[in-house]
Amino acid sequence: MNISSLGRFELASRIALDETTGSWFVVGIEDEQRASLLAEDIESLVDYEIAIVQVADRELLVAASREHASRLVLLHATEGLESLHLDDVRSLLQRDHAAVLAVLPAELAHLASIAPHFASWAGNRVFLVEDDRFLDEEAREKRLEALRTHYGMSDEQFLAEVEFAELALEPDHAEWLVLLDRSDLLEARR
Amino acid sequence: MNRLQRYRELMRTLDPSGDPRTAVQMGWGVERPRSATAERIARRIEIEPWSSHLIVGGIGSGKTTELWRIHHRLRELGGETGDVSHYIDVAAETTLEWLWSGRLVLLAGMRLIGYEERVRKARGGRSPSTEVVRAIDALDEFRAGFETDDQWHGPGTWEDFILDQAPHLQVLQDAIVTEHGHCVVLFDSLDRITDIERLERTLRVDLQVFERARIGVVVVGPMRLSYRSPPTTADLFDQNVLVLSDVDPTADGLDFLVEVLARRAAPEVMPQRSCFDIARASGGVLRDLIALAKSSAQEAYVVGSDVVQPDHVARAAEQFGRVRAVGLDSEQIQVLKKIRETDTLVIRGERELALLETRRVLDYGNGRFVVHPTLAPLLDLITVAA
């Protein structure tokens, strides 16, 4: 039995949806580079730069969470879960914006036993990231259909408006572009 | 408000890691069926403000919320009783790992010093009395005892030194409250302490100080205390122990859980049928209830739905169960399967306690235990690597 895996962008969209809550996500990620890619995907949805901070112990964790309290932040645990004493410092991790705690995938299995109180806080916001997986085809099509209906445009009309810079980009638009595999247009508009 | 904004608003109201004060202030709280915890303790304190109380319960069962409700209730009553309530999140003030005898006394002392100063300012900014100055100096000296790595070299034992603080606390209390009032200190987060022996040693000494100072105390303690045999901690609280059991999601328990959701999410977004499904899947653990509602809404958002449907709840529940399933060993799986069949659990040691602590098993009281509803259907699918 594994933790659910999500495609990177799907996870990013869930995190972005939670941006203005104090939710903690715990994400199994192999390395710093993949953490950066996840941060980039989130950035495309929230429209600001996501800080990535390496945290090796509880003091650094609390300090980083506080320093970036007014924005979503990605905290990369470099020395493992145990070194963070998550239950001990949980009261100091209360936030107004979401935070992502990136750990090695193998560590996710120990979260509940190492820090049951923090694990309860995270609830089911515990995920593995699959680099190249997207929403499954059915979910992707449903989401696209919802976007088309909501904005009253076909994919082609939407792409044309973005290309000719006639549309002020919102988070939904960034998601739409990524679903159509046209994140290049997102880069071009920055 | 567009769709994204609507969902973001919903995310804000369904935040399982949010500050419980928000829930109390927003009126999202609903009285628990059969046990109005806050009300019971507040009423008891109303007639015996110097009494001490212990609240125990599983992780996410709503202990902090109950503590805030007690705080609010006591503040409401304060105008009549003269009592003053102080909430202290111990984990926010000190490292739990370093909690030992005297620390709770020190935290309460520092809080009373600050409050006494505020009271004095409100009364016209008079200078503190000689007695109060002496109490502040004594507590400062007491604090210095915690800030050195040296061993205690005082005239008596360290325990005696802690007990000596009682009159100083009483002086501060008298300076704060009106003639018949008392201070009541609510200590949160002690449920996160894993070293039960150390916690008991701390409580054994510190509660004596509060008793001598005639200060009321409510402590949130770890669930493990309720499974100790003999239950020595209960004696420290004169048997004033309130066990916050999980809410059995059947009958009135189910209605209660659905009402909790209804206060936070409009039926146009989260219809009643989905609320019932979420309530059942939560197993009656309040934090899980909110977390499941939230992730069900996320599932709905991702697939482009404007309404949370039962299949979104089912997906969220499966993900919840998966998180709980990871890390189980084969013996734990056997124990869980047995509980699933019998609804009972014999707590033999660490293995069973760990299942309760990680909320894989829920305790509904009266000897009834169940596997968390999101985990139970997955037990037959789990394979454990050799």
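Residues numbered from 1 in each chain as written. Chains lettered and ligands numbered in written order. Predicted model: local features only at pLDDT ≥ 70, side-chain atom pairs only at ≥ 80, totals over all residues.

1. Details of the overall build of chain A
1) Next: If you tally the helices and strands in chain A, you get 10 helices and six strands.
2) Next: Its C-alpha radius of gyration of 17 Å places chain A within 12% of the 16 Å reference for a compact globule of 190 residues.
3) Next: Taken along the three principal axes of its C-alpha coordinates, chain A extends 50 × 35 × 25 Å.
4) Next: Within chain A, the proportion of its 190 residues that are buried is 45%.
5) Next: In chain A, the share of contacts with a sequence separation of at least 24, taken over all contacts with a separation of at least 6, comes to 73%. (Helix = DSSP H or I, 4+ residues; strand = E, 2+ residues; numbered from the N terminus. Rg over C-alpha atoms; globule rule 2.2 N^0.38 Å. Buried ≥ 20, exposed ≤ 12 C-beta atoms within 10 Å, placed from the backbone. Contact = placed C-beta atoms within 7 Å.)

2. Things to note about the overall build of chain B
1) Next: Secondary structure summary: chain B contains 17 helices and seven strands in total.
2) Next: Relative to the globule expectation of 21 Å for 386 residues, the C-alpha radius of gyration of chain B, 23 Å, shows essentially globular dimensions.
3) Next: Projected onto its principal axes, the C-alpha positions of chain B cover 70 × 55 × 35 Å.
4) Next: In chain B, buried positions account for 46% of the 386 residues.
5) Next: In chain B, the proportion of contacts linking residues at least 24 apart, taken out of those at least 6 apart, comes to 77%.

3. A word on the sheet that holds strand β4 (residues 73–77) of chain A
Residues and elements named next belong to chain A.
1) Next: Taken together, the six strands give an open sheet; going across it, the order is β1-β6-β2-β5-β4-β3, and neighbouring strands pair in parallel fashion. Edge positions in the sheet fall to β1 (5–7) and β3 (51–55), since each of these pairs with one other strand and no more. Strand-to-strand, the axes of this sheet are offset by a mean angle of 35°, without reference to chain direction.
2) Next: Here strand β2 (residues 24–28) pairs with strand β5 (residues 99–103) via five bridges, running parallel. The partner of Gly28 across the bridge, within β5, is Val103. (Pairing = 2+ DSSP bridges. Axes fitted to C-alpha atoms, helices over the stretch in contact; angles between N-to-C directions.)

Note that all results are geometric; they support no functional claim without further evidence.
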